Amino acid sequence: MALFASLPMYDLPEIKASTDVYWQRLAESFADHGIGDNALPQQLIRGRDPHLDWLRPETIFSQTCGLPYVRDLRGQVTLLGSPAYDIDCAPGSYFSVVIVREDEHREDIADYASKRFAFNDRRSQSGFAAFFSLLNEQNIAGLPSEMVDSGAHLQSIEMVAEGKADIAAIDAVTYALAIRHRDAADRVKVIANTEVTPSLPYISSLAFADRKAEIVNAIIQAMAALPETVRNDLLITGFNERVDGDYDGIRTKWDKLVELGLYILLYKK
């Protein structure tokens, strides 16, 4: 059986070459540990719906989002751990930045809660659920006057920069990459951060559950073998092994939003 690998969450065109080098090092390290044998893919799979691919039995390696993990994947995939990124956050953790246009003078998120909200995906922790959890935690009343489905964090940044939306929540890793590579990031500013949670988890299919420890070691060794330029391009600084309970906070916050009746707006299943 040919195996499957993808890294869909931060695969910007500007860093595609570095992402490919990362997978090459991972594949070499997996092979060194006897994982996958001759069935390891030579290249990452791109351009598919990751929500379908994450559950494929032949998935040797991929990265998902915290919300899909706790809602749809828990118990159906092997949780490996969370990468650490150079985003001024605890290792293996991340958060979202809440952005508005750079020329806006209002700095209070409450002033934007009932404005046009751009989001990347209703199934996204960083771009969707985290925003509504922040409003709830700060007792901010009101809901967006318009929900604008941008389809991706980078498009959400562009929509806010161009005045097509008023506010958005952006994964801090994506935002850091956008500052490097996208002019639109120069035309927005951060007015708030969401709560820190474990970063987007690496997973394998359940078929590799009994080899989790070896896969984790292979990931750590692959990261250590990366050229410094590649680590810098990808913002990767390390790896934290995780257990399922580490992501309970995301599920708890999600259930609270559903309890409050926001399920009409939110991802239902």
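Here, every reference points to the structure presented above.
Residues numbered from 1 in each chain as written. Predicted model: local features only at pLDDT ≥ 70, side-chain atom pairs only at ≥ 80, totals over all residues. Heavy atoms only, no water.

K.L.:
Explain the overall build of the protein to me, please; I cannot follow it from the model alone.
P.N.:
Helices and strands together make up the secondary structure of the protein, namely nine helices and twelve strands. Taken over the C-alpha trace, the protein has a radius of gyration of 19 Å; the compact-globule value for 269 residues is 18 Å, and the two agree within 12%. Taken along its principal axes, the extent of the C-alpha atoms in the protein is 55 × 40 × 30 Å. A buried classification covers 54% of the 269 residues belonging to the protein. The contacts in the protein between residues at least 6 apart in sequence include a share of 81% that link residues at least 24 apart. Side-chain charges in the protein split into 27 positive and 39 negative, and the spacing between the mean points of these groups amounts to 4 Å. (Helix = DSSP H or I, 4+ residues; strand = E, 2+ residues; numbered from the N terminus. Rg over C-alpha atoms; globule rule 2.2 N^0.38 Å. Buried < 20%, exposed > 50% of the residue type's maximum accessible area, 1.4 Å probe, protein only. Contact = heavy atoms within 4.5 Å. Lys, Arg positive; Asp, Glu negative; His and termini not counted. Charge placed at Lys NZ, Arg CZ, Asp CG, Glu CD.)

K.L.:
How should I be thinking about the layout of surface pockets in this particular structure?
P.N.:
Picture a little ball the size of a water molecule; that probe, rolled over the atoms, points out where space is still empty. Put simply, the largest pocket is a space of about 670 Å³. In this structure, the largest pocket is lined by 32 residues; those nearest its centre are P8, M9, P50, G151 and A152. Of all the secondary structure elements, the ones that give two or more residues to the lining of the largest pocket are helix 2 (50-53) and helix 5 (153-161). For the lining of the largest pocket, the residue count by class is 14 nonpolar, ten polar and eight charged. (1 Å grid on protein atoms, 1.4 Å probe; cavity = no way out; pocket = protein on both sides within 12 Å on 5 of 7 lines; lining within 4 Å. Points joined across faces, edges and corners; volume = space filled by probe spheres on them. Nonpolar A, V, L, I, M, F, W, Y, C, P; charged D, E, K, R; others polar.)

K.L.:
Explanation requested: the pairing of strand 8 (residues 167-171) in the structure shown.
P.N.:
On a regular strand, each side chain points to the face opposite its neighbour's, so the side chains alternate between the two faces of the sheet. Along strand 8, five of the five residues are buried, which leaves the element largely enclosed by surrounding structure. Residues of strand 8 alternate between two faces, with I167, A169 and D171 on one and A168 and I170 on the opposite face, all of them buried.

K.L.:
Can you walk me through helix 4 (residues 125-137) in this structure?
P.N.:
An α-helix turns once every 3.6 residues. As a result, residues three or four positions apart point the same way. The end-to-end C-alpha distance of helix 4 is 15 Å, clearly below the 18 Å that 13 residues give at a rise of 1.5 Å each. Counting buried residues in helix 4 gives eleven out of 13 residues, a clear majority hidden from the surface. Residues Q125, S126, G127, F128, A129, A130, F131, F132, S133, L134 and L135 constitute the buried set of helix 4. For helix 4, the capping residue at the N-terminal end is S124, with a side-chain oxygen 3.4 Å from the backbone nitrogen of S126. (Expected span 1.5 Å × (residues − 1). Polar contact = N/O pair within 3.5 Å; in protein donor to acceptor, adjacent residues only side chain to side chain.)

K.L.:
Can you walk me through the sheet that holds strand 5 (residues 96-101) in this structure?
P.N.:
Pairing between sheet strands relies on hydrogen bonds along the backbone, with the strands arranged either parallel or antiparallel. Ordered by their spatial adjacency, five strands build an open sheet running 7-6-8-5-9, and the pairing between neighbours is mixed. The open sheet terminates on both sides in strands that have one partner only, identified here as strand 7 (146-149) and strand 9 (188-193). When strand polarity is set aside, the average angle formed by the axes of neighbouring strands in this sheet is 30°. Summarising the sheet, strand 6 (residues 116-119) and strand 7 pair through four bridges and their orientation is parallel. Residue pairing in the sheet places R116 in a bridge with E146 of strand 7. (Pairing = 2+ DSSP bridges. Axes fitted to C-alpha atoms, helices over the stretch in contact; angles between N-to-C directions.)

K.L.:
Help me understand the packing of aromatic side chains in this model?
P.N.:
Two aromatic rings are characterised by how far apart their centres lie and by the angle between their planes. Evaluation of the coordinates by the stated rule reveals 14 aromatic pairs. Centroid distance F128 to F132: 5.2 Å. Interplanar angle 50°. Geometry classified as tilted. On the criterion of helical spacing, the pair formed by F128 and F132 is a turn pair, its members being four residues apart in helix 4. As far as the burial class goes, F128 and F132 line up, both buried. Arranged with centres 5.4 Å apart and planes meeting at 85°, the rings of F131 and F132 form a pair that is edge-to-face. Look at F131 and you get buried, because its relative accessible area is 0%. Taking relative accessible area as the criterion, F132 reaches 2% and is therefore assigned buried. The ring of Y112 is capped by R106, whose NZ or CZ atom sits 4.7 Å from the centre of that ring. (Phe/Tyr/Trp six-rings, centres within 6.5 Å; stacked < 30°, edge-to-face > 60°. Lys NZ or Arg CZ within 6 Å of the ring centre and 35° of its normal.)

K.L.:
Help me understand the packing of helix 5 against helix 6 (residues 172-181), please; the structure alone is not making it clear to me.
P.N.:
Helix-helix packing is characterised by the crossing angle of the two axes and by the distance between the axes. For the pair helix 5 and helix 6, the least separation of the axes is 10 Å and the interaxial angle reads 60°. Considering their axes alone, helix 5 and helix 6 lie oblique with respect to each other. Crossing handedness for the pair helix 5 and helix 6: right-handed. Within the contact between the two elements, helix 5 uses H153, L154 and I157 and helix 6 uses T174, Y175 and A178. (Parallel < 35°, antiparallel > 145°, perpendicular 65-115°, else oblique. Left-handed = near helix turned anticlockwise from the far one by under 90°.)

K.L.:
Whenever I open this one, the nonpolar core confuses me. Can you help?
P.N.:
For soluble globular proteins, the rule of thumb is that nonpolar side chains tend to be buried together. With 57 residues, the main nonpolar core has Y22, F30, I60, F61, Y202 and I219 as its most contacted residues. Counting residues in each nonpolar core, the second largest holds 31 residues, with L67, L73, F128 and A129 among its members. (Core = buried A, V, L, I, M, F, W, Y, C linked by side-chain atoms within 4.5 Å.)

K.L.:
Is there a simple way to explain empty space enclosed by the protein in this structure?
P.N.:
Under the defined criterion, the tally for this structure stands at three cavities of 30 Å³ or more. As a volume, the largest cavity reaches approximately 120 Å³. Around the largest cavity, the lining residues are L7, Y10, D11, T19, Y22, Q63, Y85, V173, L177, Y202, L234 and I236. Put simply, the parts of the chain that give the lining of the largest cavity at least two residues each are helix 1 (16-32) and helix 6. Among the residues forming the lining of the largest cavity, the class breakdown is nine nonpolar, two polar and one charged.

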